Amino acid sequence: MLAAVGGYAAAVRFLGEGELLSSLLPSAWAEGLASAPQMARYPQKTDLILLTDRPPQLETPLRYFESELTPNDAFFVRWHLAGIPTSVNTRTFRLEVGGRVKNPLQLSLHDLQTKFEAVSVVALCQCAGNSRSLFEPRVAGGQWGNGAMSNARWKGVRLKDVLDAAGVEPATVEVGFRGLDTAPLPQTPRFEKSLPIDRARDGEVLIAYEMNGAPLPMLNGFPIRLVVPGWYATYWVKSLSEITVLDQPLKTFWMDTAYRIPNNAGAEETPQQLSKVTVPITRMSVRSIFVKPTLGEHLSVGRSYTIEGVANDGGSGIRKVEVSTDEGKTWSDAKLGTDLGKYSWRQWSAPWKPTDKGTYRLQVRAISNDGRQQVTSQWNRSGYQRDVIEHVEVVVA
Amino acid sequence: MRRNWVKTSIVLATLGMALWVSASAQQSGSSGAAKGATTPVHEITLPQYPLEMPSGPNLAVFQQHCLLCHSGRYVTMQPRFSRTVWEKEVKKMVDVYGAPITPPEQTQIVEYLMAIRGPADTK
């Protein structure tokens, strides 16, 4: 009975149970049902939505998505283990590159900034579990709304160049990555991820020391983090300190158990029939969300309004975004914003002048350059890779 | 403090340096302006966001074992789940993360989780 109805979950997830049912009624929209979530202000960050404080998991409020690039202080935060780095000495910090290499390296931040070619890319960093709170039936995990993602211009060096400098040995299959974060208990496995060797050496994966022209905030991985354009943020290891070239796949909870999806195109399964075979989640699916209007927002009849949002995919770029204001009967093309590159999200906007009073259910769907489309329903046990056609209810008065 | 300033210029310089370092460290720790151009040490101090957990059976057992590694918000942000889900979550903490929780304590913790985030109709 209390199961939240699809898209409402994010906006109502901070409400008490008693308020939830009433909030589903249109009359509740008029009363501003989206009660304020708890905000938190961490060092080098602005007020963000507090999911957890130890370790910090902070969601970006949607209004920041009106900017092409998410300001560093509004960039979402997600750590796995409570022992996060709070102090880094850039004079003594070293990135160790080892494993199956001819010349193990110990690189300082200065080495990275001076001995390798600097490159930059605009890339969306999106948590695999972004929008998990919208899954129905609900699933356990970080109960994110749509704000577990942010878009930034990253500057750093190619992982490929660093691996070449170390000299990768033949017959290697993966590259493993660790950061400075640790767990309170020594027996807890370190957070550790791996990339297939080909992805690691494709020249697109970066070791970034700047985002949006400034050093990374500590909570976003100072002094360096991995940037894996087009892939979910779980691979974007923060405060990167160890790179290990491997001759067999990395065996760790974070690859073998967590961050896995059903082995089918839509990452689909049902609670009654869980997929027997799962694979690591990798490339982001095509998706679009509303930034404006927000749930329950009041619009005026006969007055022009600009619907806005962002769309992304896993690296082919966005071909088209379509918006419907009539329950999906008709769809019209949204205007796409600046093209910042195929790994950036794409802003979109669509004018709308509602002619009648009432409640409206707006929908948006995106199509990627490689022809991928969004789905009308989706579920998986971990709440990953959401790419359902989103909707938002608004009141026109 | 001011009395030191009548000493030699070396003392003056040292003091100035100390104040400067202290000021920049403070700035990098508490504001968004951590430039780090002045000191190689970049430091932040994490703020506290205390949470009062809902009362329920075995709250003390929950607090003793679970809060060692993570915030209580890991639980309070969740919707209601079945006993199966909560048992699985507690088991994961033991099997994967190595939490030293005995089987009887695990049962007690599940009872607490069921009381505050169990299915609505069995509460």
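Residues numbered from 1 in each chain as written. Chains lettered and ligands numbered in written order. Predicted model: local features only at pLDDT ≥ 70, side-chain atom pairs only at ≥ 80, totals over all residues. Heavy atoms only, no water.

Further remarks concern the pairing of strand β6 (residues 95–99) of chain A. All names here are of chain A. Relative to strand β7 (residues 105–107), β6 runs antiparallel, the two sharing three bridges. In the sheet register, Glu96 faces β7, and the bridge partner there is Gln106. Counting the residues between successive antiparallel strands, the hairpin from β6 to β7 contains five residues. As paired strands, β6 and strand β14 (residues 240–246) are joined by four bridges and run parallel to one another. Residue pairing in the sheet places Gly99 in a bridge with Val245 of β14. (Pairing = 2+ DSSP bridges. Helix = DSSP H or I, 4+ residues; strand = E, 2+ residues; numbered from the N terminus.)

We now examine the interface of chain B and chain A. Contacts between the two partners involve 35 residues from chain B, matched on the other side by 43 residues from chain A. In this structure, the connection of chain B to chain A is made through one salt bridge. Residue composition of the side of chain B that touches chain A, by class: 20 nonpolar, ten polar and five charged. Looking at chain direction, strand β5 (residues 87–89) of chain A and strand β1 (residues 41–43) of chain B are connected through three bridges and run antiparallel. Bridge assignment links Val88 of chain A to a residue of β1 of chain B, and that residue is His42 of chain B. (Contact = heavy atoms within 4.5 Å. Salt bridge = Lys/Arg side-chain N within 4 Å of Asp/Glu carboxyl O. Nonpolar A, V, L, I, M, F, W, Y, C, P; charged D, E, K, R; others polar.)

Take the nonpolar core next. Residues and elements named next belong to chain A. Of all hydrophobic cores here, the largest spans 94 residues; its most connected members are Leu95, Trp154, Ile207 and Ile243. Element by element, the count of residues in this core is highest for strand β12 (residues 206–211), at five residues. When residues of this core are sorted by domain, at least three fall in each of domain 1 (88–258) and domain 2 (287–396). Beyond its immediate sequence surroundings of up to four residues, Leu95 is in contact with Leu105, Gln106, Leu107, Leu112, Ile207, Ile224, Leu240, Ser241, Glu242 and Ile243. Counting residues in each nonpolar core, the second largest holds 21 residues, with Leu299, Val364, Val392 and Val396 among its members. (Core = buried A, V, L, I, M, F, W, Y, C linked by side-chain atoms within 4.5 Å. Buried < 20%, exposed > 50% of the residue type's maximum accessible area, 1.4 Å probe, protein only. Domains from an automatic or database assignment.)

This brings us to the packing of aromatic side chains. Residues and elements named next belong to chain A. Summed over the entire model, instances satisfying the criterion amount to 16 aromatic pairs over all chains. Ring geometry for Phe75 and Trp154: centres 5.6 Å apart, planes at 85°, overall edge-to-face. Of this pair, Phe75 sits in the loop between β3 (56–59) and β4 (77–78) while Trp154 sits in strand β9 (residues 149–158), placing them 79 residues apart in sequence. Phe75 sits in the buried class, given a relative accessible area of 0%. Given the relative accessible area of 0%, Trp154 is considered buried. A ring pair is formed by Tyr259 and Tyr384, whose centres lie 5.5 Å apart and whose planes are at 15°; its orientation type is stacked. Here Tyr259 is found in the loop between α7 (253–256) and β15 (260–262), whereas its partner Tyr384 is found in the loop between β24 (358–368) and β25 (390–396), with 125 residues between them in sequence. (Phe/Tyr/Trp six-rings, centres within 6.5 Å; stacked < 30°, edge-to-face > 60°.)

Moving on to the pattern of salt bridges. This structure, assessed with the given rule, holds 27 salt bridges over all chains. Close ionic contact of Lys292 of chain A with Glu308 of chain A constitutes a salt bridge, the shortest N to O distance being 3.6 Å. Here Lys292 of chain A is found in strand β17 (residues 287–292), whereas its partner Glu308 of chain A is found in strand β19 (residues 305–312), with 16 residues between them in sequence. One salt bridge in this structure joins Asp95 of chain B and Lys91 of chain B, with 2.5 Å as the shortest N-O distance. Of the two residues, Asp95 of chain B and Lys91 of chain B are both situated in helix α4 (residues 83–95); the distance of four residues between them amounts to about one turn of the helix. Owing to a relative accessible area of 47%, Lys91 of chain B belongs among the partly exposed residues under this scheme.

On to the confidence of the model for chain A, then. Per-chain confidence: chain A averages 92 in pLDDT, with 91% of residues scoring 70 or above. With pLDDT under 50 throughout, residues 1–34 of chain A is counted as low confidence; its partners more than four residues away or in other chains account for 58 contacts. (pLDDT = per-residue confidence, 0-100.)

Let us now look at the state of the cysteines. Taken as a whole and judged by the stated rule, the model has zero disulfides over all chains. Cys125 of chain A supplies the cysteine sulfur nearest to Cys127 of chain A, a cysteine that is in no disulfide, at a spacing of 8.5 Å. Unpaired in this structure, Cys66 of chain B has its nearest cysteine sulfur neighbour in Cys69 of chain B, at a distance of 9.2 Å. Judged by relative accessible area, which is 12%, Cys66 of chain B ranks as buried. (Disulfide = S-S within 2.5 Å.)

All names here are of chain A. Parsing chain A into structural domains produces domain 1 (88–258) and domain 2 (287–396). Here the C-alpha centroids of domain 1 and domain 2 sit 31 Å apart. With 23 residues of domain 1 at the contact, the number on the domain 2 side is 20 residues. Approximately 1,900 Å² of surface area, both sides summed, lies buried where domain 1 meets domain 2, with 57% of it carried by carbon and sulfur atoms. A salt bridge links Glu204 to Lys342, with the nearest nitrogen and oxygen atoms 3.9 Å apart. For the pair domain 1 and domain 2, the number of links is ten residue pairs in polar contact (both at pLDDT 80 or more). Of all the secondary structure elements, the ones that give two or more residues to the side of domain 1 that touches domain 2 are β8 (119–126) and β9. In terms of residue count, β8 provides more of the side of domain 1 that touches domain 2 than any other element does, five residues in total. Of the residues in the side of domain 1 that touches domain 2, the class split is 13 nonpolar, seven polar and three charged. (Buried area = accessible area lost by both parts, 1.4 Å probe. Polar contact = N/O pair within 3.5 Å; in protein donor to acceptor, adjacent residues only side chain to side chain.)

A word on the sheet that holds β17 of chain A. Residues and elements named next belong to chain A. Spatially, β17-β19-β23-β22 is the arrangement adopted by the four strands of the open sheet, whose pairing is antiparallel. Among the strands making up the open sheet, the edge pair consists of β17 and β22 (335–336). Relative to strand β23 (residues 346–352), β19 runs antiparallel, the two being bridged by seven bridges. Paired with Ala311 across the strands is Arg346, a residue of β23.

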